[in-house]
Amino acid sequence: MKPSPTMARAGPLLTAFLLAALPAEAAAQHRFAVFAGNDRGGGDTRPLRYAADDARKMHAVLTQLGGVAPDDALLILNQAAGEFWRALSAIETRIALARQHGERTLLLVYYSGHAKDGELRLGESRIRLDEVKARLLAGQADIRIGVFDSCRAGALNRTKGARRAPAFAIEASGSEEARGLVMLSSASADEDAQESDEIGGSYFSHYLVSGLRGDADRSRDRRVTLSEAYAYAYARTVADTAESAAGAQHPTFSYDLKGNADLVLTDFGSRHEGIYVPGEAPAGIYYVVDSNGFIAAEIQKPAGMDRQLALPSGRYRVRRRLADRLRIGEIQIVAGQLATLDETSLRDAPFSDDPVKGAMRDETGVRTSLGLGGLVQSFFDGPTRDGLFPPTGMLGIELELRDFFRRGWTWGFDFASGSTRAKVDRYGTLLPFRFSELTAGTAVAKEWRFGEGRFSASAGLRLAFVLMGRKFDEPTVPDQFFATFTPGLVGSARYRITKHFAMLGRGRVHYLLYNVDENRSLGYWELTLGVAYEF
């Protein structure tokens, strides 16, 4: 294997051009990409929160701005190593076909997840780092780019005679098209890659995406070379992790390229959809916050210079942090239009009003809520409903752990009890009785948040234990009891009315096997309305 002739661990020396062909020349260069994100790395690792989200964001920015057609991009989330290799083989087959038609090709492979002991860890499966590098070195694409956001991924870039620099230079004035391999990693060989609850992702991938959306465009030509994006991501990653408990994180790179043509990774000049900050706006860092309360992108605004950032349509909140207060406001990006940010429309606010979710989260990121509500339960089958299990009102309490497994997933525990009076017809005689019920359940659900997190909806699975009893008024008729486990589906909606209180509505559908005298498959529904306190 030919060693990479140049390698650098980023340091404070120079910024230059790096990589990729112009998206405007997509007809001349066919681009392909594989994006893999895996939050789990096996039993001896702690699950990540945002690796899959990082892969989604990279997929989005490069299919929107990077000249990669959606059909030529494969997104592999929380899958084993075999799926990764199958995806890469499928893309390599398409590359071979494109080359047969005389097309120049580019392949980008992105991975976010665990890495340890020289291996990428995709759940319980493993991929050796040197295998990935060998596969890229032997690839048929004219340009091959590997981006690895994982702990100690800098081992990919170890090369004898390495030098330290923030980026490496390719002559920008030449006309010879570039060919070869570039490898970027989010941390050096002895460092951990770090995530942030505030930005909802890893530092390196967040700043790489933000740079590719336009904030790394230092040449002001509405295009971003990967060298610009790398230098931007390097500087912001080092700065933001310098005071962390794990210490500063230093991205690295290596390359083996021939040719000296100017190379660009994203072109946002022709995409009139995003945010424009005019030159007269105050200098500083503007944070663009999405509807889930996470920083979608950042804009570093120099004094007297305008900035443009490509973002999908939607409503965002903008935050600018001053020494003693915040400046916050909202901006609406309409599909196909560029929204101009008027800084004078932002309002002063205390730091407690920070719209960024991470500013209000505890260290683990888990948020707890306690709910209290009334519910009604009824069986679908008429005869069963009228005589055996009558419709019953109950009072319930539940504890919910939000963002427990990962962001957007909840784990809940609930308890409810209630009773009602009814009559049953036995041989022409109506026997009155008191029906009572006690339930205890647990549910796992996926949650979606809207309107800056004020409204949320969820859907998931529930398992409950039910204990039902009938006590007849007639003393000669014995009391009856029935207990069983019952699986079901659950859906809910929540609207936050204050910082801590929310209105809650929930529906459940359950299956119950009644095996007294005979086996009967029954179904019942529950509707709940209540209030929740979010700690």
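Residues numbered from 1 in each chain as written. Predicted model: local features only at pLDDT ≥ 70, side-chain atom pairs only at ≥ 80, totals over all residues. Heavy atoms only, no water.

Moving on: the overall build of the protein. Along its length, the protein carries 6 helices and 31 strands. Per-residue burial for the protein yields a buried fraction of 53% across its 535 residues. Pairs at least 24 residues apart make up 70% of the contacts formed inside the protein by residues separated by at least 6 positions. (Helix = DSSP H or I, 4+ residues; strand = E, 2+ residues; numbered from the N terminus. Buried < 20%, exposed > 50% of the residue type's maximum accessible area, 1.4 Å probe, protein only. Contact = heavy atoms within 4.5 Å.)

To continue, consider the pairing of strand β21 (residues 326–333). Among the 8 residues that make up β21, 6 are buried, leaving the element largely enclosed by the rest of the structure. Here 8 bridges tie strand β20 (residues 314–321) to β21, and the two strands are oriented antiparallel to one another. Bridged to Arg321 within β21 is Leu326. Count of turn residues in the β20/β21 antiparallel hairpin: 4 residues. (Pairing = 2+ DSSP bridges.)

In this model, helix α2 (residues 81–100) (20 residues) spans 29 Å end to end at C-alpha, consistent with the 28 Å of a helix rising 1.5 Å per residue. Regarding α2, the residues found buried are Ala81, Phe84, Ala87, Leu88, Ile91, Ile95 and Ala98. End-on view of α2: buried residues confined to an arc of 125°, all on one side of the axis. Seen from the buried face of α2, the exposed residues on the opposite side, beyond 90 degrees, are Arg86, Thr93 and Gln100. As for α2, its buried residues are in contact with β2 (29–37), β3 (73–77), β4 (104–112), β6 (119–122), β7 (125–128) and α3 (129–137). Note on α2: the residue one or two positions beyond its end, Gly102, has a positive phi of about 80°. (Expected span 1.5 Å × (residues − 1). Arc of directions from axis to C-beta.)

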